[in-house]
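Listed here are the chains, written in short residue letters.
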Amino acid sequence: MAEITKEELRQPENLIYKKTDLLTDKPLSYCPGCGHGTAHRIVMEVLDEMGIQDQTIGIAPVGCSVLAYEFMNIDMQQAAHGRAPAVATAVKRLHPEKFVFTYQGDGDLAAIGTAETIHACNRGENIVIIFINNGIYGMTGGQMAPTTLPGMKSSTSPYGRDVATMGNPLKITELIAQLPGTIYVTRQAVHTPANVRKTKKAVRKAFENQKLNKGLSFVEIVSNCNSGWKMTPRQSNEWMVENMFPFYPLGDIKVND
Amino acid sequence: MKELRLMKGNEAFAEAAIRAGADGYFGYPITPQSEVMEYLMAEKPEERTGMIVLQAESEIAAINMVYGGAACGKRVLTSSSSPGVSLKQEGISYIAGAELPCVILNVARGGPGLGTIQPAQSDYFQSTKGGGHGDYKMLVLAPSSVQEMADFAGLGFELAFKYRNPVLILSDGAIGQMMEKVELDEQRPRFTDEEIKNNTPWATTGKTKDRERNIITSLDLDSYKQELHNLDLQAKYREMEKNETRYEAISCDDAEYLIVAYGTSARLSQKAVDLLRAEGIKVGLLRPITLFPFPTAVIAKLADQVKGILTVEMSAGQMIEDVRLAVGCRVKVEHFGRMGGIIPSPTEIVDAMHKKIIGG
Ligand SMILES: Cc1ncc(C[n+]2csc(CCOP(=O)(O)OP(=O)(O)O)c2C)c(N)n1
Ligand code: SF4
């Protein structure tokens, strides 16, 4: 095959992939190798493909994705730590015709915001919750999260999570699936192209549910935090497959069609 | 047309909020303010005006719902009583930081802790000196009648939108629970989408092609920008001080002594003024209606006229600090108050005036 130059590569006819306009040109603040960036892209591509940029309001959490509004080219609100589902509740109730989603980490959603999460899900608010579970507090420097695995080291469990004194990891997604208010609860990942495709399908389904006023859709994305886990990106993905997936198995947990 | 009704303070506030064109109420039950949400739920404002009412899982959730609604340019409100208002403080700080308009009612009760369900004024510091973290101010209105409970719902929204700032109505259990005659305003329409677009162009309503995206946040990791934001906030608060200071001066023209009191204490102090005047002592009452901005200038002026000032508060003495700041050391300023949910009687106030100011 003939060599292709950089210039030729940039010609429109040779483009096979383009960043969605719903992502801004601002360089992502995430560590190289982190799953947050891919998750952002998937959500924005889905909004783009559905043509609902002008009808969507996103809620950013406190956590590494606190600056999601810098990257997502839509109207956004930044919520207090854990409170995104309450914020989203009001936005959706006051704008039932708009699309509303929250994007939250595990500390945000499953520790400080447990009450807001459970109750928004239980009320069946017609919103989408995107839940990034990386088993650690990334933003604050790698402390133990409610989802940290037994024996897993973090800066506040330096000898590994001792479940006798620190409790067991919380499978909040399974808990949420029990609530009649949720319509679709699924757990996905974004570390391989195949998983990216699956996650995108799940996110699309979640927003389609909202369009049909079906109730709350909850998409967990099991992700890596290579910085917090103190691993290279590749090591962290391997570690995730070996350790996180057995505890947090991927796939649909609840589908009420 | 105005409508005359006999109502509890809490109910009058709720009805007035509907009539002020509110879009959403978010609350959590707590005595002595639960009638606000009970009235709203019974009234079904969704059928009357389209206003929504939601019982949240906590005061924390409720204030964050207010954040979300306000960020959409809607007229939203919440109400609670002291322990619940403590829980709201983080949310209030975010609302102040993101410069969102909303109305918050505190029907205060005695503390600290779970305290009592009886009325108190011990949340003055929390209301006027921050409460939550960071350098921020709420505009604080202090009603002393059921009529003002109703009036301040509408006024609260007006001021909140004028300044893009949270407005706190600091009431207490006595005013929330008592029944009085109240004149209610006519129904005002809720904002239309067009009005929201034009009047609150910052609101998150979905990014259309004709504008940049709207972001509601209180975060700026760049300290220089964060300082500029803080300077803007401070300039706004100075503007409120200039334009929005409200008070009522009763029998102050010839006063030789002065009582400063707000809310329920002001009602009792007015009776005390009558009793003292019957004794031939010329006493006036200065009732702050806004606690922030505080009527500093008028109190400073009265300090040149009177021989002594008694502040009456249902607390250990909180507002007295602002009165003393206004007065300096020119005349004696003393506090009289009851705590723990006890309402002082006018004769107790008369006695305190004699002991602490006139004879003291
Ligand atoms: C009330 C409050 N408590 C604590 C913090 C500090 N804090 C910021 S981010 C964070 C943890 C976020 O972790 P997670 O939700 O798992 O998201 P990640 O950063 O891993 O994406 C904490 C504790 C805060 N900002 N506010
Ligand atoms: S700290 Fe962890 S979660 Fe945060 S950006 Fe870095 S890798 Fe991602």
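The rules behind these values
- Residues numbered from 1 in each chain as written.
- Chains lettered and ligands numbered in written order.
- Predicted model: local features only at pLDDT ≥ 70, side-chain atom pairs only at ≥ 80, totals over all residues.
- Heavy atoms only, no water.
- Axes fitted to C-alpha atoms, helices over the stretch in contact; angles between N-to-C directions.
- Helix = DSSP H or I, 4+ residues; strand = E, 2+ residues; numbered from the N terminus.
- Parallel < 35°, antiparallel > 145°, perpendicular 65-115°, else oblique.
- Left-handed = near helix turned anticlockwise from the far one by under 90°.
- Contact = heavy atoms within 4.5 Å.
- Nonpolar A, V, L, I, M, F, W, Y, C, P; charged D, E, K, R; others polar.
- Buried < 20%, exposed > 50% of the residue type's maximum accessible area, 1.4 Å probe, protein only.
- Pairing = 2+ DSSP bridges.
- Right-handed = clockwise from strand over helix to strand, strands pointing away.
- Near = heavy atom within 4 Å.
- Polar contact = N/O pair within 3.5 Å; in protein donor to acceptor, adjacent residues only side chain to side chain.
- Areas by Shrake-Rupley, 256 points an atom, 1.4 Å probe, with all protein chains shown as cover.
- 1 Å grid on protein atoms, 1.4 Å probe; cavity = no way out; pocket = protein on both sides within 12 Å on 5 of 7 lines; lining within 4 Å.
- Points joined across faces, edges and corners; volume = space filled by probe spheres on them.
- Buried area = accessible area lost by both parts, 1.4 Å probe.
- Salt bridge = Lys/Arg side-chain N within 4 Å of Asp/Glu carboxyl O.
- Expected span 1.5 Å × (residues − 1).
- Phe/Tyr/Trp six-rings, centres within 6.5 Å; stacked < 30°, edge-to-face > 60°.
- Lys NZ or Arg CZ within 6 Å of the ring centre and 35° of its normal.

Colleague: Would you explain the packing of helix α4 (residues 84–94) of chain A against helix α4 (residues 59–70) of chain B in this entry?
Modeller: To characterise two packed helices, one gives the angle between the axes of the helices and the distance between these axes. The N-to-C vectors of α4(A) and α4(B) enclose an angle of 50 degrees; their axes lie 7 Å apart at closest approach. Viewed along their axes, α4(A) and α4(B) adopt a mutual orientation that is oblique. Note that α4(A) runs across α4(B); the crossing there is right-handed. Here α4(A) contributes A:A86, A:V87, A:T89, A:A90, A:V91 and A:L94 to the contact with α4(B), which in turn contributes B:A61, B:N64, B:M65, B:Y67, B:G68 and B:G69. Residue classes in the contact of α4(A) with α4(B) are distributed as eight nonpolar, four polar and no charged.

Colleague: Just to check I follow, could you spell out the pairing of strand β7 (residues 182–189) of chain A for this structure?
Modeller: Regular strands have side chains that alternate between both faces of the sheet. All names here are of chain A. Taking burial as the measure, the eight residues of β7 include eight buried ones, the bulk of the element. Examined bridge by bridge, β7 and strand β8 (residues 216–222) share seven bridges and lie parallel to one another. The partner of R187 across the bridge, within β8, is E220. Between β7 and its parallel partner β8, the chain crosses via helix α9 (residues 193–211), and the hand of that crossover is right-handed. Across four bridges, β7 lies against strand β9 (residues 251–255) in antiparallel orientation. When the sheet's bridge partners are listed, Y184 is paired in β9 with V255.

Colleague: Explain the site of ligand 1 to me, please; I cannot follow it from the model alone.
Modeller: Around ligand 1, 17 residues are found, and the nearest of them are A:C64, A:G107, A:D108, A:G138 and A:M139. Chains contributing residues near ligand 1 are chains A and B. Here an oxygen atom of ligand 1 and a backbone polar atom of A:D106 are 3.3 Å apart. Take A:I136: an N or O atom from its main chain is 3.1 Å from an oxygen atom of ligand 1. Bound to the protein, ligand 1 loses 76% of the 590 Å² it would expose on its own. For the shell around ligand 1, the secondary-structure elements that each account for two or more residues are α5 (106–112) and β5 (136–137) of chain A. Sort the elements by how many residues they give to the shell around ligand 1 and α5(A) lands first, with four residues.

Colleague: Help me out: how do you make sense of the side chain of A:T147 in this one?
Modeller: Residue and element names in this part refer to chain A. Considering the arrangement of structural elements, one finds T147 in the loop between β6 (143–144) and α7 (163–166). According to the relative accessible area criterion, T147 is buried, its value standing at 0%. A polar contact is formed between the side chain of T147 and the side chain of D106, at a distance of 2.7 Å. The contacts of T147, once residues within four sequence positions are left out, are D106, F131, N133, G135, I136, R161, P169, L170 and Y248.

Colleague: I'm lost on the sheet that holds strand β10 (residues 247–250) of chain B in this one. Help?
Modeller: One key point about sheets: their strands pair by backbone hydrogen bonds, in either a parallel or an antiparallel sense. Residue and element names in this part refer to chain B. Spatially, five strands are ordered β10-β12-β11-β14-β15 in an open sheet, and the strand pairing comes out mixed. If you trace the sheet from one side to the other, it starts and ends with β10 and β15 (332–337), each paired once. Each strand axis lies, on average, 20 degrees off the axis of its neighbour in the sheet, ignoring direction. Strand direction decides the pairing type here: strand β14 (residues 308–313) and β15, joined by six bridges, are parallel. Looking at β15, one finds that G308 is bridged to K332.

Colleague: Please clarify how the site of ligand 2 should be interpreted in this entry.
Modeller: Ligand 2 sits among A:Y30, A:C31, A:C34, A:H36, A:C64, A:N134, A:G138, A:C225, A:N226 and A:S227. Here the shell around ligand 2 is built from residues that sort into five nonpolar, five polar and no charged.

Colleague: Even after reading the chapter, I still don't get the layout of surface pockets, so can you show me in this structure?
Modeller: If a probe as big as a water molecule is rolled over the atoms, it shows which places are left empty. By volume, the largest pocket amounts to about 450 Å³. In terms of lining residues, the largest pocket is bounded by 25 residues, among which A:Y69, B:I215, B:T217, B:L219 and B:D220 are the most central. Those elements that provide at least two residues to the lining of the largest pocket are α3 (68–71) of chain A together with β9 (215–216) and α11 (223–243) of chain B. When its residues are assigned to classes, the lining of the largest pocket shows 11 nonpolar, seven polar and seven charged.

Colleague: Where do I start with α4(A) in this structure?
Modeller: The periodicity of an α-helix, 3.6 residues per turn, causes residues three or four positions apart to be oriented the same way. With respect to burial, α4(A) is a largely interior element, 10 of its 11 residues being buried. Inspection of α4(A) places A:A84, A:P85, A:A86, A:V87, A:A88, A:T89, A:A90, A:V91, A:K92 and A:L94 among the buried residues, and these make up the whole buried set.

Colleague: Would you mind showing me how to read the interface of chain A and chain B here?
Modeller: Many authors give the size of an interface as the accessible area that is lost as the parts come together. If you look at the interface, chain A gives 36 residues, while chain B gives 35 residues. Taking both partners together, chain A and chain B bury about 2800 Å²; carbon and sulfur atoms supply 58% of that area. Together, A:Y69, A:D75 and A:L94 form the three largest contributors to the area buried by chain A at its contact with chain B, with a combined 23%. Remark: the boundary between chain A and chain B carries three salt bridges. As a salt-bridge pair, A:R123 and B:E57 come within 2.8 Å of each other at their nearest N and O atoms. At the boundary of chain A and chain B, one finds 16 residue pairs in polar contact (both at pLDDT 80 or more). At seven residues, the largest contribution of residues to the side of chain A that touches chain B is made by α4(A).

Colleague: Help me understand the sheet that holds strand β2 (residues 75–78) of chain A, please; the structure alone is not making it clear to me.
Modeller: Read from one edge to the other, the open sheet built from eight strands follows the order β9(A)-β7(A)-β8(A)-β4(A)-β3(A)-β1(A)-β2(A)-β9(B), with strand pairing classed as mixed. The open sheet has two free edges, formed respectively by β9 of chain A together with β9 of chain B, since each of these has just one partner strand. Note: strand β1 (residues 56–60) of chain A against β2(A), four bridges, orientation parallel. Residue pairing across strands places A:G58 opposite A:M76, the latter belonging to β2(A). With respect to the sheet, α4(A) is in contact with β1, β2 and β3 (99–105) of chain A, its orientation differing from that of β3(A) by roughly 175 degrees.

Colleague: Sorry if this is basic, but what is going on with α4(B) here?
Modeller: Residue and element names in this part refer to chain B. Taking 1.5 Å per residue, 12 residues should reach 16 Å; α4 reaches 16 Å between its end C-alpha atoms and fits that length. The buried fraction of α4 amounts to 12 of the 12 residues, a majority that puts the element mostly inside the structure. Capping the start of α4 is the job of one residue whose side-chain oxygen sits 3.2 Å from the backbone nitrogen of I60: S58.

Colleague: Would you mind showing me how to read the packing of α4(B) against helix α6 (residues 89–97) of chain B here?
Modeller: All names here are of chain B. For the pair α4 and α6, interaxial distance at closest approach is 8 Å and the crossing angle is 15 degrees. As summarised for this structure, α4 and α6 are arranged roughly parallel, according to the angle between their axes. As for the relative orientation of α4 and α6, their crossing is left-handed in sense. When α4 is examined against α6, the residues I63, V66 and Y67 are found in contact with a partner set consisting of G91, I92, Y94 and I95.

Colleague: What is the right way to look at the packing of aromatic side chains in this model?
Modeller: Given two aromatic rings, their pairing is described by the distance between the two centres and the angle made by the two planes. Summed over all chains, the structure comprises nine aromatic pairs over all chains. Taking the centre distance of 5.9 Å and the plane angle of 40 degrees together, the rings of B:Y124 and B:Y262 count as tilted. A residue pair is termed long-range when its members are at least 10 positions apart, and B:Y124 in helix α7 (residues 124–128) and B:Y262 in the loop between β11 (257–260) and α12 (263–278) qualify at 138 residues. A relative accessible area of 0% places B:Y124 in the buried class. Taken together, the ring pairs in this structure connect B:Y124, B:F125 and B:Y262 into an aromatic cluster. Positioned over the ring face of A:F99 is A:K92, at 6.0 Å from the centre of the ring. One cation-aromatic arrangement involves B:R75 over B:F191; the distance from NZ or CZ to the ring centre is 3.7 Å.

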